[in-house]
Amino acid sequence: GAVVSQHPSRVICKSGTSVKIECRSLDFQATTMFWYRQFPKQSLMLMATSNEGSKATYEQGVEKDKFLINHASLTLSTLTVTSAHPEDSSFYICSATIPGGATDTQYFGPGTRLTVL
Amino acid sequence: AQTVTQSQPEMSVQEAETVTLSCTYDTSENNYYLFWYKQPPSRQMILVIRQEAYKQQNATENRFSVNFQKAAKSFSLKISDSQLGDTAMYFCALGRGAQKLVFGQGTRLTINP
């Protein structure tokens, strides 16, 4: 149980284009999902917290107009990188928590590698 | 602000040996959770073990156990009888309820045959 998927697993795009990454909780409903960014050989940095039916909460320094997050259902959150540039190239990981669950554990998706040319 | 510090960037041991990864943290909260996550080369984050701060008993999961010292704000991970498949990045993380996690810098663990 508690499986989280991401799509696509990797994407290559041209500078200036937009890319959408999907995060799905497959066997549970997640009222809260998180989006992280991980640079090579570094730790995970939280970008935003995504709550179903409301606006995402962004961490300091993360441009909300560049990284659009939508959490329209209890099983799907999307991250859209708008007008992507080479510096946006990174590994993006989502996670989800089980609402009201005793574990208070985040379950992670497999990640999406974004390369902007 | 909450912080998590892993002071060992890299560690290497022989297969079947025991290894301990260190983690210290800082928080003003009374109720929180501590986690160890493993990130193998596939980069999938895998939960290794979790500890509720209100529990004095150290958590164990098969070959994995923790030494939780709440007063010292220390949370180390011990891997017994290490296996080649344990080779990965290990991240210590601090969280509270269904809220954001704060991760340490990570420790790259290599198990040598």
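Scroll up to find the structure.
Here the structure is a predicted model, which is why all the values come from computation and not from measurement.

Chemist: Can you explain the overall build of chain A? Please cite residues and give values.
Modeler: Assigned secondary structure in chain A consists of zero helices and 11 strands. Across chain A, helices and strands are ordered from the amino to the carboxyl terminus as β-β-β-β-β-β-β-β-β-β-β. For chain A, whose C-alpha radius of gyration is 13 Å, the value lies close to the compact-globule estimate of 13 Å for 117 residues. If you line up chain A on its principal axes, its C-alpha atoms span 40 × 25 × 20 Å. When each of the 117 residues of chain A is scored for burial, the buried share is 50%. Taking as baseline every contact in chain A between residues at least 6 positions apart, the subset at least 24 positions apart corresponds to 55%. Looking at chain A as shown, the accessible area adds up to about 5,700 Å², and 53% of this sits on carbon and sulfur atoms.

Chemist: Describe the side chain of Gln38 of chain A, and please don't skip the residues or the numbers.
Modeler: Positionally, Gln38 of chain A belongs in strand 4 (residues 32-38). A relative accessible area of 3% means that Gln38 of chain A is categorised as buried. Residues within four places of Gln38 of chain A in sequence aside, it is in contact with Ser43, Leu44, Ser90, Phe91 and Ile93 of chain A together with Gln39, Arg43 and Phe91 of chain B.

Chemist: I'd love a proper account of the packing of aromatic side chains, names of residues and values included.
Modeler: The tally for this structure, following the rule as stated, stands at 12 aromatic pairs over all chains. The residue whose ring lies beneath Arg43 of chain B is Phe91 of chain A, and the NZ or CZ to ring-centre distance is 4.0 Å.

Chemist: Could you give me a rundown of the state of the cysteines, with the residues and numbers involved?
Modeler: All names here are of chain A. Enumeration according to the criterion identifies two disulfides over all chains in this entry. Here Cys23 engages in a disulfide with Cys94; their sulfurs sit 2.0 Å apart. Between Cys23 and Cys94, the S-S torsion sits near 80°, and that sign places the bridge as right-handed. Taken as a pair, Cys23 in strand 3 (residues 19-25) and Cys94 in strand 9 (residues 90-97) lie far apart in primary sequence, 71 residues in all.

Chemist: Tell me about the pattern of salt bridges, and please be specific about residues and values.
Modeler: Where charged atoms of side chains with opposite charge meet at close range, the side chains can pair. Taken as a whole, this structure holds seven salt bridges over all chains when the rule is applied. A salt bridge links Arg24 of chain A to Glu22 of chain A, with the nearest nitrogen and oxygen atoms 3.5 Å apart. Residue class for Glu22 of chain A comes out partly exposed when judged on its relative accessible area of 24%. Here Glu52 of chain B makes a salt bridge to Lys55 of chain B, at a shortest N to O gap of 3.9 Å. Judged by relative accessible area, Glu52 of chain B falls into the buried class, the value being 10%. Under the relative-accessibility criterion, Lys55 of chain B is labelled partly exposed at 39%. Several salt bridges share partner residues, and in doing so they unite Arg50, Glu52 and Lys55 of chain B into one network.

Chemist: Go over the interface of chain B and chain A, please, and point to the residues and values.
Modeler: Often, the extent of an interface is quoted as the loss of accessible area upon association of its parts. At the junction of the two partners, chain B supplies 19 residues and chain A supplies 23 residues. At the boundary of chain B with chain A, the tally comes to one salt bridge. Between Lys100 of chain B and Glu59 of chain A there is a salt bridge; the shortest N-O distance is 2.9 Å. On the surface where chain B and chain A come into contact, there are seven residue pairs in polar contact (both at pLDDT 80 or more). Elements supplying a minimum of two residues to the side of chain B that touches chain A: strand 5 (33-39) and strand 6 (46-52) of chain B. When residues in the side of chain B that touches chain A are grouped by element, the largest group, four residues, is from strand 5 of chain B. Across the side of chain B that touches chain A, the residue classes break down as nine nonpolar, six polar and four charged.

Chemist: Can you explain the sheet that holds strand 8 (residues 76-81) of chain A? Please cite residues and give values.
Modeler: Strand-to-strand pairing in sheets goes through backbone hydrogen bonds, with the strands running parallel or antiparallel. All names here are of chain A. Within the open sheet, the four strands sit side by side as 1-3-8-7. Their pairing is antiparallel. Among the strands making up the open sheet, the edge pair consists of strand 1 (4-7) and strand 7 (67-73). Averaged over neighbouring strand pairs, the angle between their axes works out to 15° when direction is ignored. Alignment of strand 1 against strand 3, held across four bridges, turns out to be antiparallel. Among the inter-strand pairings, His7 is bridged to a residue of strand 3, identified as Glu22.

Chemist: Break down the side chain of Gln8 of chain B for me, citing the residues and quoting the values.
Modeler: With respect to the helices, strands and loops of the structure, Gln8 of chain B is situated in the loop between strand 1 (3-5) and strand 2 (10-14). Those residues within four positions of Gln8 of chain B in sequence are excluded, and the remaining contacts are Thr20, Leu21, Ser22, Gly106 and Thr107 of chain B.

What counts and how
Residues numbered from 1 in each chain as written. Chains lettered and ligands numbered in written order. Predicted model: local features only at pLDDT ≥ 70, side-chain atom pairs only at ≥ 80, totals over all residues. Heavy atoms only, no water. Helix = DSSP H or I, 4+ residues; strand = E, 2+ residues; numbered from the N terminus. Rg over C-alpha atoms; globule rule 2.2 N^0.38 Å. Buried < 20%, exposed > 50% of the residue type's maximum accessible area, 1.4 Å probe, protein only. Contact = heavy atoms within 4.5 Å. Areas by Shrake-Rupley, 256 points an atom, 1.4 Å probe, with all protein chains shown as cover. Phe/Tyr/Trp six-rings, centres within 6.5 Å; stacked < 30°, edge-to-face > 60°. Lys NZ or Arg CZ within 6 Å of the ring centre and 35° of its normal. Disulfide = S-S within 2.5 Å. Salt bridge = Lys/Arg side-chain N within 4 Å of Asp/Glu carboxyl O. Polar contact = N/O pair within 3.5 Å; in protein donor to acceptor, adjacent residues only side chain to side chain. Nonpolar A, V, L, I, M, F, W, Y, C, P; charged D, E, K, R; others polar. Pairing = 2+ DSSP bridges. Axes fitted to C-alpha atoms, helices over the stretch in contact; angles between N-to-C directions.

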